[in-house]
Amino acid sequence: MKKENQTERVAYIISYSNKAIFKRLEKMPMKISYISEANQQVLVYFDRRFKRDIENQLKKVKGFVEMEESALFQEEILNF
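Just so you know, the residues in each chain are numbered from 1, in the order the chain's sequence is written. In keeping with the predicted nature of the model, local features appear solely for residues at pLDDT of at least 70, side-chain atom pairs appear and are counted solely at 80 or more, and the whole-chain, interface and lining totals rest on all residues. Heavy atoms throughout the structure, all of them, feed into the side-chain values; hydrogens and water do not.

Here's the deal with the nonpolar core
Stage number 1. With 17 residues, the main nonpolar core has Ile14, Ile21, Leu25, Met30, Phe46, Leu58 and Met67 as its most contacted residues.
Stage number 2. In DSSP terms, a helix is any run of H or I states spanning at least four residues, a strand is any run of E spanning at least two, and both are numbered starting from the N terminus. Of all elements in the fold, only strand S1 (9–16), helix H1 (21–27), strand S3 (41–47), helix H2 (51–59) and strand S4 (64–69) reach the threshold of two or more residues within this core.
Stage number 3. Broken down by element, this core gets its largest block of residues, 4 residues, from S1.
Stage number 4. By definition in these notes, contact holds between two residues if any of their heavy atoms fall within 4.5 Å. Excluding residues that lie within four positions of it along the chain, isoleucine 14 makes contacts with Ile21, Leu25, Met30, Gln40, Gln41, Val42, Val44, Leu58, Phe64, Glu66 and Met67. What we call a nonpolar core is a set of buried Ala, Val, Leu, Ile, Met, Phe, Trp, Tyr and Cys residues that are connected through their side-chain atoms within 4.5 Å. Exposure is judged per residue with a 1.4 Å probe applied to protein chains only, and the accessible area is read against the type maximum: over 50% gives exposed, under 20% gives buried, and values in between give partly exposed.

In structure tokens:
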């Protein structure tokens, strides 16, 4: 397998203040893994090469608060 075909999965926690953010998240190249409505956070997985694009798009979305790398991500196990 060529290196450019490999994915490097990363997990991020996205904090939000408005549920309108879900419409945008569904259109992005990511997998929504968990939604905590009580904490207003979403756990997502995506390929590292999309990080900058995703972050730039989210900054324009109403209700976006912040995006931080998940401390629970285990790359050795989940990188596929």
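So much for the structure itself; the text now carries on.
A word on the confidence of the model for the protein chain
Stage number 1. Averaged over all residues, the pLDDT of the protein chain equals 87, while 84% of them reach at least 70.
Stage number 2. Per-residue confidence from the predictor is reported as pLDDT, a score between 0 and 100. Within the protein chain, helix H3 (residues 75–78) has the poorest average pLDDT of any element, 51, and S4 the best, 96.

Some thoughts on the environment of arginine 49
Stage number 1. In this structure, arginine 49 sits in the loop between S3 and H2.
Stage number 2. Looking at arginine 49, the relative accessible area reads 55%, which means it is exposed.
Stage number 3. Through-space distance from the C-alpha of arginine 49 to that of threonine 7 is 8.4 Å; in sequence the pair is 42 residues apart.
Stage number 4. Side-chain polar atoms of arginine 49 contact the side chain of aspartate 47, separated by 3.0 Å. Polar contacts here mean pairs of N or O atoms no more than 3.5 Å apart (in protein, one a potential hydrogen donor and the other a potential acceptor; neighbouring residues in sequence count only if both atoms are side-chain atoms).

Some words on the environment of isoleucine 21
Stage number 1. Inspection of the secondary structure assignment puts isoleucine 21 in helix H1.
Stage number 2. On the basis of relative accessibility, which here comes to 0%, the residue isoleucine 21 falls in the buried class.
Stage number 3. Linking isoleucine 21 and phenylalanine 64, residues 43 residues apart in sequence, is a C-alpha distance of 6.7 Å.
Stage number 4. Not counting residues within four places of it along the chain, the set of residues in contact with isoleucine 21 comprises Ile14, Tyr16, Leu58, Val61, Lys62 and Phe64.

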